[in-house]
Amino acid sequence: MRKDTSVEQEHPGIRPTVQETYGPLNFGHQPMFGGGFINFGYWQGIDLTGPLGEDERARSQQALYRHVLDAAGPLRRRQVLDVGCGLGTGYAVALTEYEPDGVTGMDIHPNQLARAREEQAVLLGEQPGRLRFAEGAAKRMPWQDGAFDVVVSVEAMQHFPDLAGFAAETARVLRPGGTVAVTSFFTADETPGCPEQLARLLDTYASGLDIARPVTALAEAFTAAGLAEVRAVSIGPEVWRGWDCWLSRWWAPGTWPRNFLRAYEDKILDYFVVTALKPLWPTPRPPPSRLPPPYSCPERARQRHVPVLRKPGTTSLATPLRALRRTMAFGAAAGLAPTAARADVVTPSAAPSVRMLTCNACGDLCAHEGVTAAQWAAAIKTSVDNWSADTPLLTEVCYGQYAALRDSLTGCQPVWLATSSGPASCGKWTSEGDKRFGMAVFVKSTAPVEHLTADLPESPADSNKRALLCAKGGIEGRTALACMTHLTHRGDKDEDDEDLLDTARVQQAQVDAWALPVILGGDFNAHPTDPERGEFYGFQGGTGRYGEVDETDEDRPVRA
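Residues numbered from 1 in each chain as written. Predicted model: local features only at pLDDT ≥ 70, side-chain atom pairs only at ≥ 80, totals over all residues. Heavy atoms only, no water.

**Focus: the overall build of the protein**
Helices and strands together make up the secondary structure of the protein, namely 14 helices and 19 strands. Counting only residues that meet the buried cut, the protein has 57% of its 560 residues in that class. Across the protein, every contact between residues at least 6 apart in sequence was considered, and the portion connecting residues at least 24 apart equals 74%. Counting only carbon and sulfur atoms, one obtains 51% of the accessible surface of the protein, whose full area is about 22,400 Å². (Helix = DSSP H or I, 4+ residues; strand = E, 2+ residues; numbered from the N terminus. Buried < 20%, exposed > 50% of the residue type's maximum accessible area, 1.4 Å probe, protein only. Contact = heavy atoms within 4.5 Å. Areas by Shrake-Rupley, 256 points an atom, 1.4 Å probe, with all protein chains shown as cover.)

Okay, structure coming up:
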């Protein structure tokens with residue numbers, strides 16, 4: 001594919017080779033890209049020893065698309081942008097299997113967009129409002145800041161002349177906590193001479209259609225743009241041999257298309273999935289000049305509610321109930337460094353993600369005049385559904401509230417622990433006047449969960465039992481613990497802080513003894529930036545294993 005300088009520049013801003021390939025040549029309808037996708041394919045699980053047909057080819061391309069969507073994290077209820085969307089053939093997979101709120105396909109070439117709208121006419125008609133196509137360049141995206149939760153790009157990066165521009169625009173259009181996942185082929189390392197070698201081997205590099213760069217160039221661009229947890233994972237073994245077997249239908253060994261495999265075997269070229277996320281706040285986050293304001297329950301006005309969980313993860317603060325937009329990979333075994341997701345034994349690019357919602361129900365004292373237990377449970381269920389929460393965690397909940405929520409969250413397995421025989425005010429939630437008061441954990445699962453508890457040292461200043469409540473079960477396909485705790489029900493600073501620290505140490509020892517990935521939510525009556533909490537938290541100078549993400553989404557409150 002040598003460069004044709006006679007091609008007229010019909011669309012300023014599009015490189016001539018890109019314009020030719022995706023304009024007059026209509027690359028997506030070439031036989032080697034059968035199935036409507038324009039990618040080399042992910043061939044894992046496909047038998048390469050026998051003849052390959054159109055069905056196997058289509059499966060490989062769908063598998064690559066799914067691989068990228070999986071790497072981007074859960075997409076349910078998310079807005080997804082696909083940069084360099086081609087014909088949009090993967091959107092039927094994305095919309096039906098991953099359940100995003102919407103998918104936007106962006107491409108720089110108007111001819112490709114016209115073809116995409118034609119190819120996806122039925123889907124556009126069936127999914128009004130969930131699928132759209134738009135013209136735009138990777139370095140100049142036509143959307144306002146924070147328009148998307150997820151950005152993906154499948155085998156288009158090799159055409160982008162400005163990786164820094166793409167990275168900056170990706171960081172801009174992502175909401176805080178959003179993720180990006182891209183796949184493409186790059187030089188295997190930064191060895192000098194790789195571009196020249198590839199130009200001799202492959203016409204797509206000689207013509208300038210593909211641009212030779214190391215994968216570190218994209219990783220560094222993401223980092224410079226302010227994205228975090230940048231990872232590049234090779235999937236070359238699952239791409240190149242299958243691609244070469246497929247090309248053998250048309251080209252003999254030694255012809256330039258068959259040199260992709262040669263370039264891989266000579267360690268010049270490789271295929272990568274690159275992922276990153278936009279932090280909830282800039283890193284490092286400056287310490288607050290003052291503690292955050294207390295939540296709105298007047299009877300608990302002096303209580304500081306700071307949910308904590310084993311890094312990484314997300315929590316939310318409730319009453320009024322607020323929920324998170326953010327999803328992150330979770331889990332870190334005891335004793336491992338607090339580097340997000342890297343402590344997990346799961347392959348980082350395939351690490352499962354989980355969404356937590358924590359709520360101080362304040363069921364005994366907060367004003368709930370005229371609200372029945374069923375109405376309260378319906379409000380909580382709305383938030384759980386809206387945010388696809390895998391593990392709703394509650395403290396200061398009366399048994400009547402728990403029972404109503406248990407009946408409402410039919411897809412969750414519950415565990416309950418009473419920490420008090422109950423204040424009289426809890427009796428209002430049931431017709432029987434049940435006054436029990438305590439904590440509850442729910443896990444989204446069809447399989448039963450194991451109920452675990454651990455007693456914590458009693459406090460003479462607190463009549464409520466101090467304990468740790470956990471549900472052990474399958475969370476996003478992995479065995480993990482979802483735990484709730486409440487170190488004290490007193491909201492003042494008169495209580496002995498050393499007593500709280502000692503209690504937290506006992507609690508941490510118990511969590512460590514269970515030796516499983518842990519989501520820990522609760523009321524700790526302290527801020528994570530307090531210096532004395534440094535033995536528990538692993539940021540801002542702390543030496544502990546826990547991380548705090550406490551983003552309350554003021555812009556999307558769901559009031560109970």
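**A word on the packing of aromatic side chains**
Here the structure, examined in full by the defined rule, presents 25 aromatic pairs. Ring plane angle 45 degrees and centroid distance 6.1 Å describe the contact between Phe 166 and Phe 222, whose orientation is recorded as tilted. Of this pair, Phe 166 sits in helix H6 (residues 163-173) while Phe 222 sits in helix H9 (residues 215-224), and the two are 56 residues apart along the sequence. We note that Phe 166, like Phe 222, is buried. Ring centres 6.5 Å apart and planes at 75 degrees place the aromatic pair Phe 185 and Tyr 205 in the edge-to-face group. With a gap of 20 residues between them, Phe 185 in strand E5 (residues 174-187) and Tyr 205 in helix H8 (residues 203-206) connect regions that are remote in the sequence. Side by side, Phe 185 and Tyr 205 carry an identical accessibility label, which is buried. Aromatic rings pair up to connect Phe 40, Phe 185, Tyr 205, Trp 240, Trp 243, Phe 260, Tyr 264 and Tyr 271 into one cluster. Above the plane of the ring of Tyr 399 lies Arg 436, whose end atom (NZ or CZ) is 3.9 Å from the centre. (Phe/Tyr/Trp six-rings, centres within 6.5 Å; stacked < 30°, edge-to-face > 60°. Lys NZ or Arg CZ within 6 Å of the ring centre and 35° of its normal.)

**With respect to the packing of H6 against H9**
Any two packed helices are characterised by how steeply their axes cross, that is the angle between the axes, and by the distance between the axes. Where H6 contacts H9, the axes come no closer than 8 Å and their chain directions differ by 40 degrees. Accordingly, the angle class assigned to the pair H6 and H9 is oblique. You can see that H6 and H9 cross each other, and the crossing is right-handed. Across the interface between the two elements, Leu 163, Ala 164, Phe 166 and Ala 167 from H6 touch Ala 217, Leu 218, Ala 221 and Phe 222 from H9. (Axes fitted to C-alpha atoms, helices over the stretch in contact; angles between N-to-C directions. Parallel < 35°, antiparallel > 145°, perpendicular 65-115°, else oblique. Left-handed = near helix turned anticlockwise from the far one by under 90°.)

**Points about the sheet that holds strand E4 (residues 148-154)**
Taken in spatial order, the seven strands line up as E3-E2-E1-E4-E5-E7-E6 in an open sheet, and their pairing is mixed. Of all strands in the sheet, those bounded by a partner on one side alone are strand E3 (131-135) and strand E6 (228-234). Averaged over all pairs of adjacent strands, the angle between strand axes in this sheet comes to 15 degrees, irrespective of strand direction. As defined by bridge partners, strand E1 (residues 79-83) adjoins strand E2 (residues 102-107) across five bridges and the pair is classed as parallel. Across the sheet, residue Val 80 finds its bridge partner in E2, namely Val 103. Here helix H4 (residues 110-119) sits on the sheet and contacts E2 and E3; the angle it forms with E3, its principal contact strand, is near 165 degrees. (Pairing = 2+ DSSP bridges.)

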